[in-house]
Amino acid sequence: MNSNYKKPRYKKPVLETKDFEVTSKMELLEFLYEQFPSKGRNDVKALLSKHRVLVNGAMVSQYNYLLYPGDKVQITEHSFHQDVGLSNKFKIIYEDDDLIAIDKPIGLLAVPTPKEKTNNVESLLNAYVQQKDKHNRIFMVHRIDEDTSGIMIVAKTQAMHDALINDWNNLVIKRGYYAIVEGHMKEKEGTFSSYLKKNSQYMMYSSKDKKGQYAETHYKVISEIDNYSLIDVDLKTGRKNQIRVQFYEHGHTVIGDDKYGNPSNPLDRLGLHAYQLTLKNPLNEKIMTFKCPMPKEFKEMFKKESK
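Below: a short report on this structure. (Residues numbered from 1 in each chain as written. Predicted model: local features only at pLDDT ≥ 70, side-chain atom pairs only at ≥ 80, totals over all residues. Heavy atoms only, no water.)

### A closer look at the sheet that holds strand β1 (residues 19-21)
Point 1. Spatial strand order, β1-β6-β3-β4: four strands in an open sheet with antiparallel pairing. Edge positions in the sheet fall to β1 and β4 (58-59), since each of these pairs with one other strand and no more.
Point 2. When strand β3 (residues 53-55) meets β4, the two strands line up antiparallel, connected through two bridges. Counted as the bridge partner of Leu54 is Met59 from β4. (Pairing = 2+ DSSP bridges. Helix = DSSP H or I, 4+ residues; strand = E, 2+ residues; numbered from the N terminus.)

### Considerations on the packing of helix α1 (residues 28-35) against helix α2 (residues 41-49)
Point 1. Interhelical geometry of α1 versus α2 gives an angle of 130° and a closest axis separation of 10 Å. The angle between α1 and α2 falls in the class oblique. You can see that α1 and α2 cross each other, and the crossing is right-handed. On α2, the residues touching Leu28, Leu29, Leu32 and Tyr33 of α1 are Arg41, Val44, Lys45 and Leu48.
Point 2. Looking at the contact of α1 with α2 residue by residue, the class counts come to six nonpolar, no polar and two charged. (Axes fitted to C-alpha atoms, helices over the stretch in contact; angles between N-to-C directions. Parallel < 35°, antiparallel > 145°, perpendicular 65-115°, else oblique. Left-handed = near helix turned anticlockwise from the far one by under 90°. Contact = heavy atoms within 4.5 Å. Nonpolar A, V, L, I, M, F, W, Y, C, P; charged D, E, K, R; others polar.)

### As for the pattern of salt bridges
Point 1. With the rule as written, the count across this model stands at 10 salt bridges.
Point 2. Asp234 serves as the salt-bridge partner of Lys236, at 3.0 Å between the closest nitrogen and oxygen.
Point 3. Here Lys236 falls in the partly exposed class, since its relative accessible area comes to 38%.
Point 4. We note a salt bridge from Arg269 to Glu297, for which the minimum N-O separation is 3.0 Å. Remark: Glu297 occurs in helix α7 (residues 296-301) and Arg269 occurs in the loop between α6 (242-249) and β16 (272-280); sequence separation between them is 28 residues.
Point 5. It is possible to trace a salt-bridge network through shared partners that takes in Glu95, Lys132 and Lys156. (Salt bridge = Lys/Arg side-chain N within 4 Å of Asp/Glu carboxyl O. Buried < 20%, exposed > 50% of the residue type's maximum accessible area, 1.4 Å probe, protein only.)

### Regarding the packing of aromatic side chains
Point 1. Applying the stated criterion across every chain yields a total of 10 aromatic pairs.
Point 2. With 5.7 Å between their ring centres and 80° between their planes, Phe20 and Phe36 make a pair best called edge-to-face. Of this pair, Phe20 sits in strand β1 while Phe36 is found in the loop between α1 and α2, placing the two residues 16 residues apart along the sequence. With respect to burial, Phe20 and Phe36 carry one shared label: buried.
Point 3. Judged by centre distance (6.4 Å) and plane angle (45°), the rings of Tyr248 and Tyr260 are tilted. Highlighted residues: Tyr248 in helix α6 and Tyr260 in the loop between α6 and β16, separated in sequence by 12 residues.
Point 4. Grouping aromatic residues by their ring pairs yields a cluster made of Phe20, Phe31 and Phe36. (Phe/Tyr/Trp six-rings, centres within 6.5 Å; stacked < 30°, edge-to-face > 60°.)

### Digging into the pairing of β16
Point 1. Counting buried positions along β16 gives eight out of nine residues, so the element sits mostly inside the fold.
Point 2. Sheet analysis places strand β10 (residues 149-155) next to β16, joined by two bridges and oriented parallel. Its bridge partner lying in β16, Gly150 is registered against Ala274.
Point 3. Two strands pair when backbone bridges link them, and strand β11 (residues 172-182) and β16 are joined in this way by seven bridges, in the antiparallel orientation. Following the sheet pairing, Lys174 is matched in β16 by Thr278.
Point 4. Note that β16 and strand β17 (residues 287-291) share five bridges and pair antiparallel.

In structure tokens:
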């Protein structure tokens, strides 16, 4: 035998890195077997033991983790270890067995995207609840824009999620926002109502077509200074970009909003903050109110209130 001969090293089958969407309720290992039918069972199990599986952006390693329709499963190229320290991400302001309420900062997505799978509310909270029990998970109920700060709630059980989603508009009693807009409102208190539709560029706009989504916004000016107004907004409906669209279309663009109009950006952020969410708990009918204080930069901007 040739003395230079080297026995070929065994190479494990390569499992391609890609994303999957769950279409029916099942355990995670069963789901992975379905996605990789030509691979050995041990190789598939190794994905979990080597921390290469993310569910909705959070690393999951238990075989019997329960998946639901709409969940996103990702196989990572290398082992993944997630930092679940939330102190520098956002503040949890309330938690019980069914709900978590947080104060979301600007710049943080609500849910994973193809470009950002782990640094978002859904992924971080999934990782957080799984520290206590690997089978725990959260269920998204609503969203606020990436560049908007303030109150968000998530469900910790399927029952709470379903009950909220099935009757959300009737359960929500108040959605309060602070908005900073350009200019001074002619009417210091009033209501905007219109029908919102989406155009080919995925921008929302008001339409006379009643086939659009009805949007109603109540507002009251809190303070005015220079060419800016601080406004208390009460959303009676929760449509995509509702506040931004309606104020823009009435000539008072939200500061920092480069999507609707071209306003100034004195605070280097979007001038929107969700300060209150009040709703009826569908499981026990108790009224729950969650609040976040006005951002410091909002207060500082309006310290020197015009007389």
